Structure formats: structure tokens, C-alpha cells
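Structure at a glance
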Amino acid sequence: MNIGSKIKDLRVQKGLTQEELANRAELSKSFISQVERDQTSPSIATLYDILQCLGTNLADFFNETREEQVVFSRTDYFEKQDQELNNTIQWIIPNAQKNMMEPVLMTLKAGGSSLPDNPHEGEEFGYVLSGSLTLHNGSHSYRVKKGESFYFNPDKKHYITSKTGATLIWVSSPPSF
């Protein structure tokens, strides 16, 4: 585990400078800088103080749950061309078959057909058609640009913002709009 980068990520999420964190934890700015660059390791007591200032605790900090990928670009997509049905299907969320919802983009050619859609529950999906946006999900924020998609379970407070404007497709299951 890279303790320094994890502390830095938490500090940045809280909108604190190294100096502000140092002041709150009664430490020096240079010490915080060294910790974040993994040049020194804090004692357990000092780490406890730092984490308390960042609004978390030792148990949550050392919880090794792997964060799932939320934003996907074209390089993540899987494409299948079906000559018999005369269509192209792009799975825009990798490994979506394990989820309740399986978002795809389909391009039908003349005379092409599509597969039937199934009902889904408890998932959120979006695809940015133009512009860019920021997806806020719990304490995390993700930048999503034109041609990228996102997928997550709606178990945390979530919303989107955009400084420049964006057009997107948003699928919420069950519908919540």
C-alpha cells in the first residue's frame, strides 16, 4: 500500500493544502510533504491524527477494497460485427454481462435488426454525446468526455456538473427522473 499517495488523495478531496493539513494535525508542512512522497513514514499516533483531520479513520484508510472502474473510453469497448443480422454492437461497459444492465451502442445497417432489451434494476449508466462533465459519486469525482461512458451502482449521493455544457444519454434503473 502506498500510504503517502493515499493521504495526498484524501487531502486533495477535502480541498486542503499541505500547510492547512499540517496546521490541523499540528505538524510541519515539510513533514506532510515527505509523508505524501513516501520519504518518511508517520508513527501510528501521527497517522491517526492526520486521518482524523481528513475525516477518516485507520480501519477505513487501510481497507483494501479495490475501487472499480467507473469511466470508460473507446479503448475499453468491445465490438462485434454480426454479418447475419447486419449490425455492429459495441459493449461500452466491459464485462457488463456480470451486471444487471448491459449497456450497448448498436449501429444498424440497412436491413439490420437488434436484440431484445431486458428489464433492469438498481444501476446508473451514461454516455456523453458531446461536451464534457464531471460525475460526482459519493466522495469521488470523475471527468467524463465526449465518447466516454460511466456506470455505477446508485448507493451513494450522485450528480453531474458541467462547466462547458454536455449532451448525454443517462439510463437509470429503476427510473428515478
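Below, the structure is looked at part by part. (Residues numbered from 1 in each chain as written. Predicted model: local features only at pLDDT ≥ 70, side-chain atom pairs only at ≥ 80, totals over all residues. Heavy atoms only, no water.)

1. Some thoughts on the overall build of the protein
- A count of helices and strands for the protein gives 5 helices and 9 strands.
- Each helix and strand of the protein, ordered N terminal to C terminal, gives the series α-α-α-α-α-β-β-β-β-β-β-β-β-β.
- Each of the 177 residues in the protein was classed as buried or not, and the buried ones make up 33%.
- Looking at the protein alone, contacts between residues at least 24 apart form 52% of all its contacts between residues at least 6 apart.
- By element, 49% of the accessible surface of the protein is carried by carbon and sulfur atoms, the whole surface being about 11300 Å². (Helix = DSSP H or I, 4+ residues; strand = E, 2+ residues; numbered from the N terminus. Buried < 20%, exposed > 50% of the residue type's maximum accessible area, 1.4 Å probe, protein only. Contact = heavy atoms within 4.5 Å. Areas by Shrake-Rupley, 256 points an atom, 1.4 Å probe, with all protein chains shown as cover.)

2. Considering the nonpolar core
- Membership of the largest hydrophobic core comes to 14 residues, with the highest contact counts inside it found for Ile7, Leu21, Ile50 and Leu54.
- Counting residues per element, the ones that place at least two in this core are helix 1 (3-13), helix 2 (18-25), helix 3 (29-36) and helix 4 (44-53).
- Residues contacting Leu54, with those up to four places away along its chain left out, are Ile7, Leu10, Arg11, Lys14, Leu16 and Leu21.
- The next biggest cluster of nonpolar side chains, apart from the first, holds 9 residues, and it includes Val71, Leu133, Tyr142 and Val144. (Core = buried A, V, L, I, M, F, W, Y, C linked by side-chain atoms within 4.5 Å.)

3. A word on the packing of aromatic side chains
- Using the criterion set out here, one finds 2 aromatic pairs in the structure.
- Their ring planes at 90 degrees and their centres at 5.0 Å tell us that Phe61 and Phe62 sit as a pair that is edge-to-face.
- Overall, Phe61 belongs to the buried group, its relative accessible area being 2%.
- The class of Phe62 is partly exposed, set by a relative accessible area of 35%. (Phe/Tyr/Trp six-rings, centres within 6.5 Å; stacked < 30°, edge-to-face > 60°.)

4. Overview of the pattern of salt bridges
- Counted under the stated rule, the structure contains 1 salt bridge.
- Where Arg11 meets Glu36, a salt bridge forms, and the shortest distance between an N and an O atom there is 2.5 Å. One end of the pair, Arg11, is in helix 1; the other, Glu36, is in helix 3, with 25 residues separating them in the sequence. Like Glu36, Arg11 is buried. (Salt bridge = Lys/Arg side-chain N within 4 Å of Asp/Glu carboxyl O.)

5. Describing a nonpolar patch on the surface
- Together, Leu129, Ile169 and Val171 line one region of the surface with nonpolar side chains, adding up to about 210 Å² of accessible area.
- Relative to the helices and strands, Ile169 is located in strand 9 (residues 166-173). (Patch = residues over 30% accessible without salt bridge, like charges linked within 9 Å, V, L, I, M, F, W, Y side chains within 5 Å.)

6. Thoughts on the side chain of Arg11
- Judged by its relative accessible area of 8%, Arg11 is buried.
- A distance of 2.8 Å separates a polar side-chain atom of Arg11 from the backbone oxygen of Leu16.
- If we skip the residues at most four places from it in the chain, Arg11 touches Leu16, Thr17, Gln18, Leu21, Glu36 and Leu54. (Polar contact = N/O pair within 3.5 Å; in protein donor to acceptor, adjacent residues only side chain to side chain.)

7. A few points about unusual backbone geometry
- Positive phi values are uncommon outside glycine, yet Glu26 reaches one of about 55 degrees.
- The topology assignment puts Glu26 in the loop between helix 2 and helix 3.

8. Observations concerning helix 4
- Buried within helix 4 we find Thr46, Leu47, Ile50 and Leu51. Down the axis, helix 4 shows its buried residues gathered within 135 degrees of arc, on one side only. In helix 4, the exposed positions angled more than 90 degrees off the buried face are occupied by Ile44, Ala45 and Gln52.
- Contacts from the buried residues of helix 4 go to helix 1, helix 2, helix 3 and helix 5 (58-61).
- Gly55 sits one or two residues past helix 4 and shows a positive phi near 80 degrees. (Arc of directions from axis to C-beta.)

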